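Overview (structure and organization)
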Amino acid sequence: MSDSDIMSFLTYQNAGGMNTDFTSVKSALKWDPIYYSRTANASYGIGLAAVILNDEAVGYNSKIVFITDSSVSVDSRFLKLAINNKIPIYFFCIGDFNTAALIGYAQLTGGKVYSAKTAAEINQSCSEIGSKTFAGEKDTDGDGFTDIEEMSGLIVSSNCKIVNTDYMKADTDDDGLDDNEEVDVELTKVEVPGKQGNPSTFKYYHHMWSDPSDPDTDGDGTVDSSDLNPLVYSFVPYLDILCEYAQNYCSDNNLRNKDDEITLVLEFLRSTKYIGTKWNITAGNINENFIAYVKDNNIDVYNYFLGDDNAVEELFDPLTNEKYDLKHLAATMNAYFEKNDIKSIYSTYYGSMNDMAGWAGDLQQVIDQDILYGKDQYYAHNMSIEAAYQEMSTYLGNRSNSHYGISDVIVDADAVNLYYEYKDNPNMDLNELLNNYLIKMNNKQRFSDFIYNITGSNERSDLKILATSYIRPPMDFLSAGCVYSSSTCNLITENMIYGFASAFCDYYFDLAN
């Protein structure tokens, strides 16, 4: 120990601290041996030493000298504290035992293991390490993190979460951001108050803006370098901004109901595709003033959703990787919000007009446009139950050549489920609803929830009754927004009703189970 060095002894078990303050006066150092009735916690001791050195010995070439008479196990979390704080650990072994584990720990931190059984050997070893600098200063990729830090992992949270990066690549995950752009090189310090009279300790970690080992940290399909908030899942780009505009518009126009905000967003999203008389009946008229408001305030947001390049139509369902038709979802949800109630077969004979914007309208459309299009009475009256079942099974969820394809199936279910999510969480905007829903959802639950939400039960018979009510509705429903023409409705036989409804129920129950 030279005159410019400072030093302290540390005692510990599951708690502990310095016996004295750091000092360069040898006579002021105090070491009171404590004989424990059980093995001391080496991991705690090394972790405590690392944080104390980083906090109390800033500017010094810090080292930990760990004297032991037996092999010890060091938890990787505490070992990484020493590594990330650039503090080498030197183990002085004063007994005969297997030092293989200690050698591994020492090499990771840039330290060394010494066999030092006598005072003379200890003095010689101390002289050898006295002038050494930390062996891990090399930064091969020039990203600000030393090779040893990157090889051992970066601590990126106060609870010692580790991310692993490549010391040979400045941009580990090839997302266009160097590792030091995703994680701060400088350490963040957090004080942890001591318990039961023990002094406070400090935790150190690198603040993480996005995961340098994952090009899409939040898993929302947007690469971190293009993501405005890479730590927060956002399924639809710009949807959060659109929701903010709806909130501002409502405030400016004295529209204080949260329903009004979501309705504006839904009308905006469907405005280029789901329009016309029948859509006005089922989903309501579109607020053109709000569309102009968004266009005037943010052309990028307007173009993403409504522009000619149709960027929003390139979304993929995170649960199935199928195409996700956001505009269809918006149109269907719009109907539920417009009517403000989802009615079932139990409230009217033929179900609800709201359903016609979603699953019920698609069910009628696949019958009208795919199965019975161009067919005559002879064809219809000769169709068996089995043939009707097969026809419906062919088109339901078909990825091509169907008016009830898999994308329709997905968003029809989500529209119903999201409406009920909103009823449970009325303060959420559409972006929050959609993100929270998709994060917690799996595909089976998506469809089991859908069945329950439209029928009020999980019974196959109830779904079949509801489907039947739309397959052949009463004549007074035709003028209220039904997809069928009167001629199509006249073609539908009892065999078709039974076969179509059975196929529909089997399809959805298969998805739910």
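Provided above is the structure to which this section pertains.
Given the structure is predicted, the values throughout are model-derived calculations rather than measurements.

The subject of this paragraph is the overall build of the protein. Each helix and strand counted, the protein has 21 helices and nine strands in total. Within the protein, buried positions represent 49% of all 513 residues. Restricting to contacts in the protein with at least 6 residues of sequence separation, those with at least 24 account for 63%.

This part takes up the pairing of strand β4 (residues 89–93). Here β4 lies mainly inside the structure; five of its five residues are buried. Burial of the side chains of β4 extends over both faces: Ile89, Phe91 and Cys93 are buried on one face and Tyr90 and Phe92 on the other. Bridge count between strand β3 (residues 64–68) and β4: five bridges; the pairing is parallel. Counted as the bridge partner of Ile67 is Phe92 from β4. Handedness of the β-α-β unit built from β3, helix α2 (residues 76–84) and β4 comes out right-handed. One ladder, built from four bridges, connects β4 with strand β5 (residues 112–115); its direction is parallel. Bridge pairing links Cys93 to Ser115 in β5. Each parallel crossover has a hand, and for β4 linked through helix α3 (residues 100–109) to β5 it is right-handed.

Quick look at the pattern of salt bridges now. Counted according to the given criterion, the structure contains 10 salt bridges. Note that Glu261 is salt-bridged to Lys258, the shortest N-O span being 3.1 Å. With Glu261 and Lys258 both in helix α8 (residues 258–270), this residue pair falls three residues apart, about one helical turn. As a salt-bridge pair, Arg399 and Glu322 come within 2.5 Å of each other at their nearest N and O atoms. Of this pair, Arg399 sits in the loop between α15 (385–395) and α16 (406–424) while Glu322 sits in the loop between α11 (299–306) and α12 (326–339), and the two are 77 residues apart along the sequence. Given the relative accessible area of 64%, Arg399 is considered exposed. The exposure class assigned to Glu322 is buried, which follows from its relative accessible area of 16%. Here the salt bridges do not stand alone but share partners, grouping Asp317, Asp414 and Arg446 into one network.

One finds Phe305, Trp359 and Ile367 to be the most contacted residues of the largest nonpolar core, which totals 91 residues. If you look at the next biggest cluster of nonpolar residues, it comprises 27 residues, including Ile46, Val51, Leu81 and Phe91.

This part takes up the packing of α16 against helix α18 (residues 443–455). Running from amino to carboxyl end, α16 crosses α18 at an angle of 60 degrees, the nearest separation of the two axes being 9 Å. When the axis of α16 is compared with that of α18, the two are oblique. Crossing angle aside, the handedness with which α16 passes α18 is left-handed. Where α16 abuts α18, its residues Val409, Ile410, Asp412, Ala413, Asp414, Val416, Asn417 and Tyr420 lie against Arg446, Phe447, Asp449, Phe450, Asn453 and Ile454. A per-class count over the contact of α16 with α18 returns eight nonpolar, two polar and four charged.

So, about the packing of α18 against helix α19 (residues 460–471). Where α18 meets α19, the closest approach of the two axes is 10 Å, and the angle between their N-to-C directions is 65 degrees. In terms of crossing hand, the pair formed by α18 and α19 is left-handed. Residues Ile451, Ile454 and Thr455 of α18 form the contact with α19, whose own contacting residues are Asp462, Leu463 and Leu466.

Definitions and cut-offs
- Residues numbered from 1 in each chain as written.
- Predicted model: local features only at pLDDT ≥ 70, side-chain atom pairs only at ≥ 80, totals over all residues.
- Heavy atoms only, no water.
- Helix = DSSP H or I, 4+ residues; strand = E, 2+ residues; numbered from the N terminus.
- Buried < 20%, exposed > 50% of the residue type's maximum accessible area, 1.4 Å probe, protein only.
- Contact = heavy atoms within 4.5 Å.
- Pairing = 2+ DSSP bridges.
- Right-handed = clockwise from strand over helix to strand, strands pointing away.
- Salt bridge = Lys/Arg side-chain N within 4 Å of Asp/Glu carboxyl O.
- Core = buried A, V, L, I, M, F, W, Y, C linked by side-chain atoms within 4.5 Å.
- Axes fitted to C-alpha atoms, helices over the stretch in contact; angles between N-to-C directions.
- Parallel < 35°, antiparallel > 145°, perpendicular 65-115°, else oblique.
- Left-handed = near helix turned anticlockwise from the far one by under 90°.
- Nonpolar A, V, L, I, M, F, W, Y, C, P; charged D, E, K, R; others polar.

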